[in-house]
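Chain residues, written in single-letter form:
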Amino acid sequence: MADVKARIARLRVPLGFVARMRHGDARDYVPPFVPPDQVASSNLWLQATGDKTHLHWDAHMGALALIRGEKEIVLFAPSDWASLYPIGSGFGINWSRVDVFRWDAAQFPRFADAHPIRLTLCAGEMLFLPATWWHCVHTTDASIGVNYWWKERDVPLGEVYERLISFDALRL
(Lines give C-alpha, C1' and ligand atoms only; values in the text may rest on other atoms or scores of the structure.)
Protein backbone atom coordinates (compact mmCIF):
# COMPACT_ATOMS: atom_id res chain seq x y z
CA MET A 1 0.00 0.00 0.00
CA ALA A 2 2.84 2.41 0.79
CA ASP A 3 4.26 1.81 -2.70
CA VAL A 4 0.91 2.74 -4.27
CA LYS A 5 0.71 5.95 -2.22
CA ALA A 6 4.28 6.84 -3.20
CA ARG A 7 3.51 6.34 -6.89
CA ILE A 8 0.36 8.47 -6.63
CA ALA A 9 2.30 11.21 -4.81
CA ARG A 10 5.02 11.10 -7.49
CA LEU A 11 2.36 11.71 -10.15
CA ARG A 12 1.21 14.77 -8.19
CA VAL A 13 -2.48 14.06 -8.54
CA PRO A 14 -4.59 16.21 -6.23
CA LEU A 15 -6.00 13.57 -3.87
CA GLY A 16 -9.12 15.69 -3.37
CA PHE A 17 -9.82 15.30 -7.08
CA VAL A 18 -9.56 11.50 -6.88
CA ALA A 19 -11.67 11.38 -3.71
CA ARG A 20 -14.41 13.53 -5.24
CA MET A 21 -14.47 11.35 -8.35
CA ARG A 22 -14.84 8.30 -6.12
CA HIS A 23 -17.79 9.80 -4.32
CA GLY A 24 -19.74 10.58 -7.47
CA ASP A 25 -18.99 14.29 -7.70
CA ALA A 26 -17.28 14.09 -11.11
CA ARG A 27 -19.78 16.58 -12.52
CA ASP A 28 -17.96 19.27 -10.53
CA TYR A 29 -15.11 18.78 -12.99
CA VAL A 30 -17.07 18.88 -16.23
CA PRO A 31 -15.45 21.12 -18.85
CA PRO A 32 -17.34 24.41 -19.27
CA PHE A 33 -18.55 23.53 -22.78
CA VAL A 34 -20.62 20.59 -21.44
CA PRO A 35 -23.82 21.35 -19.50
CA PRO A 36 -23.39 19.35 -16.24
CA ASP A 37 -26.98 18.07 -16.37
CA GLN A 38 -26.30 16.51 -19.80
CA VAL A 39 -23.38 14.28 -18.73
CA ALA A 40 -24.16 10.65 -19.58
CA SER A 41 -21.12 9.29 -17.70
CA SER A 42 -17.54 10.07 -16.72
CA ASN A 43 -14.42 8.10 -15.88
CA LEU A 44 -11.12 8.68 -14.17
CA TRP A 45 -8.42 6.67 -15.99
CA LEU A 46 -5.16 5.66 -14.26
CA GLN A 47 -3.26 3.69 -16.88
CA ALA A 48 0.16 2.08 -17.06
CA THR A 49 2.51 2.41 -20.00
CA GLY A 50 1.48 -0.10 -22.64
CA ASP A 51 -2.23 -0.24 -21.77
CA LYS A 52 -4.50 -0.36 -24.82
CA THR A 53 -8.19 -0.06 -25.48
CA HIS A 54 -9.71 -2.02 -28.31
CA LEU A 55 -11.19 -0.27 -31.35
CA HIS A 56 -14.76 0.82 -30.62
CA TRP A 57 -17.20 3.73 -30.87
CA ASP A 58 -19.38 5.39 -28.24
CA ALA A 59 -23.02 6.38 -28.56
CA HIS A 60 -22.53 9.83 -26.98
CA MET A 61 -20.25 12.74 -27.75
CA GLY A 62 -17.23 12.75 -25.50
CA ALA A 63 -14.04 14.43 -24.46
CA LEU A 64 -10.83 12.94 -23.08
CA ALA A 65 -8.66 15.27 -21.00
CA LEU A 66 -5.16 14.06 -20.17
CA ILE A 67 -3.79 15.27 -16.85
CA ARG A 68 -0.52 13.34 -16.93
CA GLY A 69 1.29 11.13 -19.45
CA GLU A 70 0.82 10.55 -23.14
CA LYS A 71 -1.48 8.48 -25.37
CA GLU A 72 -1.43 7.47 -29.00
CA ILE A 73 -4.98 7.68 -30.34
CA VAL A 74 -6.25 6.29 -33.62
CA LEU A 75 -9.60 7.58 -34.94
CA PHE A 76 -11.79 6.45 -37.84
CA ALA A 77 -14.84 8.23 -39.24
CA PRO A 78 -18.18 6.39 -39.16
CA SER A 79 -17.89 6.06 -42.95
CA ASP A 80 -15.07 3.50 -42.40
CA TRP A 81 -17.57 1.09 -40.76
CA ALA A 82 -17.32 -1.69 -43.38
CA SER A 83 -13.51 -1.69 -43.21
CA LEU A 84 -13.44 -2.03 -39.42
CA TYR A 85 -15.16 -5.43 -39.05
CA PRO A 86 -17.73 -4.74 -36.30
CA ILE A 87 -18.24 -7.78 -34.07
CA GLY A 88 -21.86 -8.24 -35.08
CA SER A 89 -25.31 -6.89 -34.46
CA GLY A 90 -26.89 -5.90 -31.17
CA PHE A 91 -24.52 -6.04 -28.20
CA GLY A 92 -20.98 -5.62 -29.45
CA ILE A 93 -21.84 -3.80 -32.65
CA ASN A 94 -19.73 -0.89 -31.45
CA TRP A 95 -16.60 -3.08 -31.11
CA SER A 96 -14.24 -4.07 -33.91
CA ARG A 97 -12.54 -7.43 -34.42
CA VAL A 98 -9.41 -5.64 -35.72
CA ASP A 99 -6.44 -4.98 -33.45
CA VAL A 100 -5.30 -1.68 -34.93
CA PHE A 101 -1.87 -1.96 -33.30
CA ARG A 102 -1.26 -5.52 -34.63
CA TRP A 103 -3.34 -5.71 -37.80
CA ASP A 104 -3.59 -9.11 -39.51
CA ALA A 105 -3.92 -8.24 -43.23
CA ALA A 106 -4.83 -11.81 -44.20
CA GLN A 107 -7.71 -11.98 -41.72
CA PHE A 108 -8.97 -8.39 -42.19
CA PRO A 109 -8.06 -7.29 -45.74
CA ARG A 110 -10.68 -4.48 -45.97
CA PHE A 111 -8.96 -2.70 -43.07
CA ALA A 112 -6.43 -1.46 -45.66
CA ASP A 113 -9.26 0.70 -47.09
CA ALA A 114 -9.87 2.51 -43.77
CA HIS A 115 -8.60 6.06 -43.23
CA PRO A 116 -6.98 6.28 -39.79
CA ILE A 117 -6.33 9.60 -38.10
CA ARG A 118 -3.38 9.15 -35.75
CA LEU A 119 -2.50 11.63 -33.05
CA THR A 120 -0.65 11.92 -29.79
CA LEU A 121 -2.53 13.35 -26.82
CA CYS A 122 -0.24 14.94 -24.23
CA ALA A 123 -0.77 16.12 -20.66
CA GLY A 124 -2.82 19.30 -20.59
CA GLU A 125 -4.63 18.52 -23.84
CA MET A 126 -8.21 17.49 -24.49
CA LEU A 127 -9.61 15.51 -27.40
CA PHE A 128 -13.20 15.87 -28.56
CA LEU A 129 -14.69 12.52 -29.67
CA PRO A 130 -17.83 12.82 -31.79
CA ALA A 131 -20.46 10.14 -31.24
CA THR A 132 -20.04 7.03 -33.43
CA TRP A 133 -16.42 7.81 -34.35
CA TRP A 134 -14.27 4.70 -33.95
CA HIS A 135 -11.24 5.05 -31.69
CA CYS A 136 -8.61 3.07 -29.83
CA VAL A 137 -5.96 4.23 -27.41
CA HIS A 138 -2.42 3.11 -26.59
CA THR A 139 -0.94 4.56 -23.41
CA THR A 140 2.66 5.37 -24.34
CA ASP A 141 3.51 6.93 -20.96
CA ALA A 142 1.78 6.16 -17.65
CA SER A 143 -1.18 8.49 -17.59
CA ILE A 144 -4.05 9.99 -15.69
CA GLY A 145 -7.04 11.18 -17.65
CA VAL A 146 -10.68 12.05 -17.30
CA ASN A 147 -13.34 11.60 -19.92
CA TYR A 148 -16.95 12.59 -20.21
CA TRP A 149 -19.77 11.55 -22.47
CA TRP A 150 -22.80 13.75 -22.90
CA LYS A 151 -26.16 13.46 -24.60
CA GLU A 152 -25.78 14.60 -28.20
CA ARG A 153 -29.41 15.49 -28.79
CA ASP A 154 -29.35 17.99 -25.92
CA VAL A 155 -26.09 19.73 -26.80
CA PRO A 156 -26.01 21.25 -30.31
CA LEU A 157 -22.89 20.09 -32.14
CA GLY A 158 -22.20 23.55 -33.56
CA GLU A 159 -22.27 25.01 -30.07
CA VAL A 160 -19.80 22.39 -28.82
CA TYR A 161 -17.37 23.13 -31.68
CA GLU A 162 -17.70 26.87 -31.06
CA ARG A 163 -16.99 26.45 -27.36
CA LEU A 164 -14.07 24.10 -28.04
CA ILE A 165 -12.47 26.58 -30.40
CA SER A 166 -12.68 29.39 -27.86
CA PHE A 167 -11.93 27.14 -24.90
CA ASP A 168 -8.75 27.98 -22.99
CA ALA A 169 -9.94 27.91 -19.37
CA LEU A 170 -9.12 24.26 -18.59
CA ARG A 171 -5.60 24.18 -17.23
CA LEU A 172 -4.43 20.67 -16.44
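Worth saying up front: this structure is predicted, and the values here are computed from it rather than measured.

What counts, and where the lines are drawn
- Residues numbered from 1 in each chain as written.
- Predicted model: local features only at pLDDT ≥ 70, side-chain atom pairs only at ≥ 80, totals over all residues.
- Heavy atoms only, no water.
- Buried < 20%, exposed > 50% of the residue type's maximum accessible area, 1.4 Å probe, protein only.
- Helix = DSSP H or I, 4+ residues; strand = E, 2+ residues; numbered from the N terminus.
- Pairing = 2+ DSSP bridges.
- Core = buried A, V, L, I, M, F, W, Y, C linked by side-chain atoms within 4.5 Å.
- Contact = heavy atoms within 4.5 Å.

Visitor: Honestly, the pairing of strand β2 (residues 61-76) in this entry has me stumped. Any pointers?
Guide: Each regular strand displays side chains that alternate between the two surfaces of the sheet. In terms of burial, β2 is largely enclosed, as 12 of its 16 residues are buried. Taken together, the 14 bridges between β2 and strand β5 (residues 134-150) define a ladder with antiparallel strand orientation. Directly across from L64, in β5, lies its bridge partner N147. Bridge analysis of β2 against strand β4 (residues 126-129) gives four bridges, and the strand direction is antiparallel. Note on β4: the bridge partner recorded for L64 is L127. Strand direction decides the pairing type here: β2 and strand β3 (residues 117-122), joined by six bridges, are antiparallel. Directly across from L75, in β3, lies its bridge partner I117.

Visitor: In this structure, what is going on with the environment of L129? I would like to understand it.
Guide: For L129, the location among the structural elements is in strand β4. It is 5.9 Å that separates the C-alpha atoms of L129 and M61, two residues lying 68 residues apart in sequence.

Visitor: I would appreciate a short explanation of the nonpolar core in the present structure.
Guide: One broad trend across soluble globular proteins is that nonpolar side chains are buried collectively. One finds L55, F76, L84, V100, F111 and W134 to be the most contacted residues of the largest nonpolar core, which totals 13 residues. For this core, the elements supplying multiple residues, two or more each, are β2 and β5. Excluding anything up to four places from it in sequence, F111 contacts F76, S83, L84, Y85, V98, V100 and W103. Formed by eight residues, the second largest nonpolar core is a distinct cluster that contains I73, L75, L127 and V137.

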